Amino acid sequence: MNRPTQILLIEDDPAVAHSLRDGLERDSYHVVWKNTGQEGVRYAREQNPQLIILDVRLPDGSGLDFCRQLRQQGAFQPILMLTVQREEMDKVLGLEMGADDYVTKPYSLRELLSRIRALLRRAYGELSMSDAELVYVGDLIVDRSRGQVKRGEHIIFLTPIEFRLLVFLARHPGQVLTRSQILDAVWGYNADVESERIINVHIRRLREKVEIDPSEPRLILTVPGIGYRLAS
């Protein structure tokens, strides 16, 4: 019998946490609630939940800092940020710290569940295929079956979104891809101005990990006014 997907919820408001936990558990998820960032980071490190929901405002610090801490400790699972802020800068900062997606309060449970399913599908569905298919990107080896990228013997740790983004680019070497095409394939929703800016953040983060010199990229190239292409 399959065990239910475990979600770690890091949220300091008990009313919000209880309501959210009840809603997610009705959808067959197992939810563990922690009300401080430090407790959440410790639990994530020890128990490795499949997904983390992280509030931006916590009593012992910023959720953005805890998100960065999780990624620095090697946390690979999707991180979904909750915030009351609507400013684009907050979203950009969250993505730069390693978040995979954002939901702004107030939100509907239906929207949140949709985002969670999409993140889990991208992280553990299409990225965990049984056939050991290797894709070569310059001097990189992309192992789709393991969700792993290597340069020589060195493993490059990517988040699920970064890995999916690299695989999508690798499937279309030399082809110019618009930001709208990338959003549809990698995130699964239609583009808008804010979403297209989010693409730029993830491309920058990906370059920082896979390019020898991110300031002069040789693999992931910008096509001004259109989008990006992978050098063939």
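For clarity, every value in this text was computed on a predicted model and none was experimentally measured. (Residues numbered from 1 in each chain as written. Predicted model: local features only at pLDDT ≥ 70, side-chain atom pairs only at ≥ 80, totals over all residues. Heavy atoms only, no water.)

Novice: Can you break down the environment of Y228 residue by residue, with the values?
Specialist: Among the secondary structure elements, Y228 is positioned in strand β14 (residues 227-230). Taking the C-alpha atoms as reference points, Y228 and L177, 51 residues apart in sequence, are found 5.5 Å from one another. The contact partners of Y228, leaving out residues within four places of it in the chain, are Q175, V176, L177, R179, I182, I199, N200, I203, R207, L221, T222 and V223. (Helix = DSSP H or I, 4+ residues; strand = E, 2+ residues; numbered from the N terminus. Contact = heavy atoms within 4.5 Å.)

Novice: Give a description of the sheet that holds strand β1 (residues 6-10) that names residues and reports values.
Specialist: As summarised here, the arrangement of the five strands in space is β2-β1-β3-β6-β7, forming an open sheet in which the pairing is parallel. In the strand order of this sheet, the two ends are held by β2 (30-34) and β7 (101-104), each with one partner. Ignoring strand direction, the axes of neighbouring strands in this sheet form an average angle of 20°. Across four bridges, β1 lies against strand β3 (residues 51-55) in parallel orientation. Looking at the pairing, I7 lines up with L51 of β3. The sheet contacts of helix α1 (residues 14-26) involve β1, β2, β3 and β6 (79-83), and relative to β2 the element is tilted by about 170°. Strand contacts of helix α3 (residues 63-72): β3, β6 and β7, with the helix running at about 175° to β6, the strand carrying the most contacts. (Pairing = 2+ DSSP bridges. Axes fitted to C-alpha atoms, helices over the stretch in contact; angles between N-to-C directions.)

Novice: Provide a residue-level description of the packing of helix α6 (residues 160-170) against helix α7 (residues 179-187), including the pertinent values.
Specialist: Remark: α6 packs on α7, axes separated minimally by 10 Å, with the N-to-C direction vectors making an angle of 125°. Between α6 and α7, the interaxial angle falls into the category oblique. Handedness of the crossing formed by α6 with α7: right-handed. Residues I161, R164, L165 and F168 of α6 form the contact with α7, whose participating residues are Q181, I182, A185, V186 and W187. For the contact of α6 with α7, the residue count by class is seven nonpolar, one polar and one charged. (Parallel < 35°, antiparallel > 145°, perpendicular 65-115°, else oblique. Left-handed = near helix turned anticlockwise from the far one by under 90°. Nonpolar A, V, L, I, M, F, W, Y, C, P; charged D, E, K, R; others polar.)

Novice: Just give me the short version of the packing of helix α2 (residues 37-47) against α3, but keep the residues and values in it.
Specialist: Between two packed helices, what matters for the description is the angle formed by their axes and the separation of those axes. Across the interface, α2 lies against α3 with an axial gap of 10 Å and an inter-helix angle of 20°. With respect to α3, the element α2 is oriented roughly parallel. Once α2 is placed against α3, the crossing between them reads as right-handed. Of the residues in α3, those in contact with G37, Q38, V41 and A44 of α2 are F66, Q69 and L70. For the contact of α2 with α3, the residue count by class is four nonpolar, three polar and no charged.

Novice: Can you tell me about α2, naming the residues and giving the values?
Specialist: Listing the buried residues of α2 in full gives G37, G40, V41, Y43 and A44. The arc that holds every buried residue of α2, seen down its axis, measures 165°, which confines them to one face. Residues of α2 that are exposed and angled more than 90 degrees away from the buried face: R45 and E46. Looking at the buried side of α2, the elements it contacts are β1, β2, β3, β4 (57-58) and α3. The first or second residue beyond α2 is N48, which carries a positive phi of 55°. (Buried < 20%, exposed > 50% of the residue type's maximum accessible area, 1.4 Å probe, protein only. Arc of directions from axis to C-beta.)

Novice: Hey, could you go over the pattern of salt bridges for me, with residue numbers and the actual values?
Specialist: Within the structure shown, the criterion is met by eleven salt bridges. Salt-bridge contacts for R117 lead to D27; the nearest nitrogen and oxygen are separated by 3.0 Å. Note that R117 is positioned in helix α5 (residues 109-125) and D27 in the loop between α1 and β2, a separation of 90 residues in sequence. By sharing partners, the salt bridges in this structure join E11, D55 and K105 into a single network. (Salt bridge = Lys/Arg side-chain N within 4 Å of Asp/Glu carboxyl O.)

Novice: Could you give me a rundown of the sheet that holds strand β11 (residues 154-156), with the residues and numbers involved?
Specialist: Adjacent strands of a sheet form backbone hydrogen bonds with each other and so pair up, either parallel or antiparallel. The sheet built from four strands is open, its strands ordered β8-β9-β10-β11 with antiparallel pairing. This sheet does not close on itself; its edge strands, each paired only once, are β8 (134-137) and β11. Pairs of neighbouring strands in the sheet enclose a mean axial angle of 30°, with direction left out of account. As defined by bridge partners, strand β9 (residues 140-143) adjoins strand β10 (residues 148-151) across four bridges and the pair is classed as antiparallel.

Novice: Outline the nonpolar core, supporting the account with residue identities and numerical values.
Specialist: One finds V137, V142, V149, L158, I182, W187 and I220 to be the most contacted residues of the largest nonpolar core, which totals 32 residues. Mapped onto this core, the elements with two or more residues apiece are α4 (88-97), β8, β9, α6, α7, α8 (193-210) and β14. At eight residues, α6 tops the list of elements feeding residues into this core. Setting aside chain neighbours within four positions, we find L158 in contact with F76, V149, F163, L166, L206, K209 and V210. Listed in part, the 20 residues of the second largest apolar core include I10, L64, A75 and I79. (Core = buried A, V, L, I, M, F, W, Y, C linked by side-chain atoms within 4.5 Å.)

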